[in-house]
Amino acid sequence: MIGLEQVYWLAGTMFAGVAVRSFGDRANRRRFGNTAFWGLLAVSFLFGSELGDLANGILVLALTALGAGAMGLGAPRTTSAAEREKSAKVKGNSIFAPALVIPAVAIVGTLTLGKVTIHGVPLADPKQVTLIALALGILIALAVALLRFRPPPLATVEEGRRLCDAIGWAIILPQLLASLGAVFVISGVGGAVGRIATTWLPLGHPLAAVVAYCIGMALFTMVMGNAFAAFPVMTAAVGVPLIVHRFGGDPAIMGAVGMLAGYCGTLATPMAANYNIVPAALLELPDRNGVIRAQIPTAIPLLLCNIVLMYLLVYRF
Amino acid sequence: MSLWPLLGIAVLVIGFAAGVNPLIVIVAAALTTGLAAGLSLLHLIAALGKAFNDSRYVSIIWLVLPVIGLLEREGLQERARMLIVRVRAATVGRLLIAYLVLRQVTTALGLTSLCGQAQTVRPLIAPMAEAAAEVRLGPISSCTRYLIRAYAASADNVGAFFGEDIFIAVSSILLIKAFLQQNGFDIAPLRLSLWAIPTALMAFAIHGFRLLRLDRRLERLAREQQQ
């Protein structure tokens, strides 16, 4: 059965290729830092499941140290702007084909992969079909691109390295934030926040409860980087006891709008790295908070809308 | 329950505000919080390692990088630019509104991985938006270019966040349902999805309005640049 483990091997192989090519890149003064970082990331993807928690933890600390202070920008072989301009004219819109293969396979795969069985064993882990289908789509797109454009043999690795180096240390940020979330959970941060919310806030009015719940969702999401972490804490502390039990609000409306109030916080925090910080790196913005700056003026009025919506609806249905 | 674990949040806020590398800030915050809660250092490092390992799935999207890189080497971004130049009515704002609609509607149908920062914004939407600005306003400064890219990324995020909850099988809906169930409320996912629609419309109205205003801001920036 194909599961996530096999997809991780694929990613590990890619990072290993990036590490090897980084090692030979004399244009990068810090090439050893890059080699070590991408190499360790390859180890995590290839062997992470066998390593044990403590070894994985040490690996995380090493990646952090390398990522924060030891990486430079490689100079992979690629085409010049003029060559690209010319190639774009010659190839025409067929150049989009491989890019469209990815979503097409991802959708079809998501709908079908879980149902294919060989001797009664499912071909792909039914719980992970979306990610497996995405990886399959990428592989097929790669094959189409290689057959169609016939680039030099190492171009796949070199182009991967170009984009990996452009993202740099930010590539592990989403996973590191998940680690922080786990530590927050075992340390009881959620309970402490809930206690502050209920003891220090004036919550004697139905409107006050809605305001505290929505703003609390947004703020706590900003701290955790993830509305999923904030939802159980704020809903247990304010949502269920006050909005539902004391003031008779509707739990479905509270939950749906409350989660979206949290998403307003996601728009405004560097802690939501994969949405805000990684794209800034991916788009090569000099200001790593550039995406957040573009989103805050949407997040604030939208949070107000959520508060008004919840107050108007939650006590009525 | 002790309030000391909240020290980690203070470390986060101060660290980010002081511009320290986020990787260092996050590890420092995790260690501060854990130690304040009375956990041993080894236990903490193991917890960091386990969560990092368990969340490798968020990094699967990076498999797309070699493919996007190969296409870029053949002129993908340049082709995307050529395509948009032919559309006379295209402005940055209108293009990004169209993308916002596409992103919101497709995620509402459950097709979250159809678009994304790595697979659509970097290779297609950002270069198209930059080209739309160049056609209308002439050569643009690098500051303006970065601003346009940031807005392209924001259209993807706003569309994805405020579209996905309309789809009934998305993880956030299932989380809300599961949590409310533990508290004694049995709620059909469809009801949760329906109540996500008003906010989705508001999000479109607010961000769409701001994207239209972006066009005017870009015109103003271009005029200032010429003077």
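Note that the structure is a prediction, hence the values are computed from the model and not measured.

K.L.:
An account of the interface of chain B and chain A is requested, with residue identities and associated values reported.
P.N.:
A common way to express how large an interface is: the accessible area buried when the components associate. Opposite the 94 residues of chain B that make contact, chain A presents 112 residues. Ranked by the residues each element gives to the side of chain B that touches chain A, the list is headed by helix H3 (residues 41–54) of chain B, at eleven residues. Taken together, the residues that form the side of chain B that touches chain A break down as 64 nonpolar, 19 polar and eleven charged.

K.L.:
An account of the domain arrangement of chain B is needed here, citing residue identities and associated values.
P.N.:
Splitting chain B by domain gives domain 1 (4–54) and domain 2 (62–226). Placing a centre on the C-alpha atoms of domain 1 of chain B and another on those of domain 2 of chain B gives a separation of 32 Å.

K.L.:
Tell me about the domain arrangement of chain A, and please be specific about residues and values.
P.N.:
Parsing chain A into structural domains produces domain 1 (1–77 + 153–169), domain 2 (79–151) and domain 3 (188–314). When each unit is reduced to the centre of its C-alpha atoms, the spacing between domain 2 of chain A and domain 3 of chain A is 36 Å.

K.L.:
Tell me about the packing of helix H11 (residues 227–246) of chain A against helix H9 (residues 171–182) of chain B, and name the residues and values.
P.N.:
Axis separation between H11 of chain A and H9 of chain B bottoms out at 11 Å; the angle between their running directions is 20°. With respect to H9 of chain B, the axis of H11 of chain A lies roughly parallel. Here the hand of the crossing between H11 of chain A and H9 of chain B comes out right-handed. Across the interface between the two elements, Phe228, Phe231, Pro232 and Thr235 of chain A from H11 of chain A touch Ser172, Leu175, Ile176 and Phe179 of chain B from H9 of chain B. A class-by-class count of the residues in the contact of H11 of chain A with H9 of chain B yields six nonpolar, two polar and no charged.

K.L.:
Go over the packing of helix H1 (residues 4–23) of chain A against helix H7 (residues 155–167) of chain A, please, and point to the residues and values.
P.N.:
Residues and elements named next belong to chain A. Axis separation between H1 and H7 bottoms out at 9 Å; the angle between their running directions is 90°. On the basis of their axis angle, the class for H1 and H7 is roughly perpendicular. When H1 is examined against H7, the residues Met14, Gly17, Val18, Arg21 and Ser22 are found in contact with a partner set consisting of Val157, Glu158, Gly160, Arg161 and Cys164. Taken together, the residues of the contact of H1 with H7 sort by class into four nonpolar, three polar and three charged.

K.L.:
Tell me what's going on with the nonpolar core, and back it up with residues and numbers.
P.N.:
Among the nonpolar cores identified, the biggest contains 192 residues, and Leu96 and Ala129 of chain B are the most heavily contacted of them. With 13 residues, helix H10 (residues 206–224) of chain A is the largest single contributor of residues to this core. Leave out the neighbours within four places in its chain, and alanine 129 of chain B touches Val92, Leu95, Leu96, Ile148 and Ala152 of chain B.

Parameters at a glance
- Residues numbered from 1 in each chain as written.
- Chains lettered and ligands numbered in written order.
- Predicted model: local features only at pLDDT ≥ 70, side-chain atom pairs only at ≥ 80, totals over all residues.
- Contact = placed C-beta atoms within 7 Å.
- Helix = DSSP H or I, 4+ residues; strand = E, 2+ residues; numbered from the N terminus.
- Nonpolar A, V, L, I, M, F, W, Y, C, P; charged D, E, K, R; others polar.
- Domains from an automatic or database assignment.
- Axes fitted to C-alpha atoms, helices over the stretch in contact; angles between N-to-C directions.
- Parallel < 35°, antiparallel > 145°, perpendicular 65-115°, else oblique.
- Left-handed = near helix turned anticlockwise from the far one by under 90°.
- Core = buried A, V, L, I, M, F, W, Y, C linked by C-beta atoms within 7 Å.
- Buried ≥ 20, exposed ≤ 12 C-beta atoms within 10 Å, placed from the backbone.

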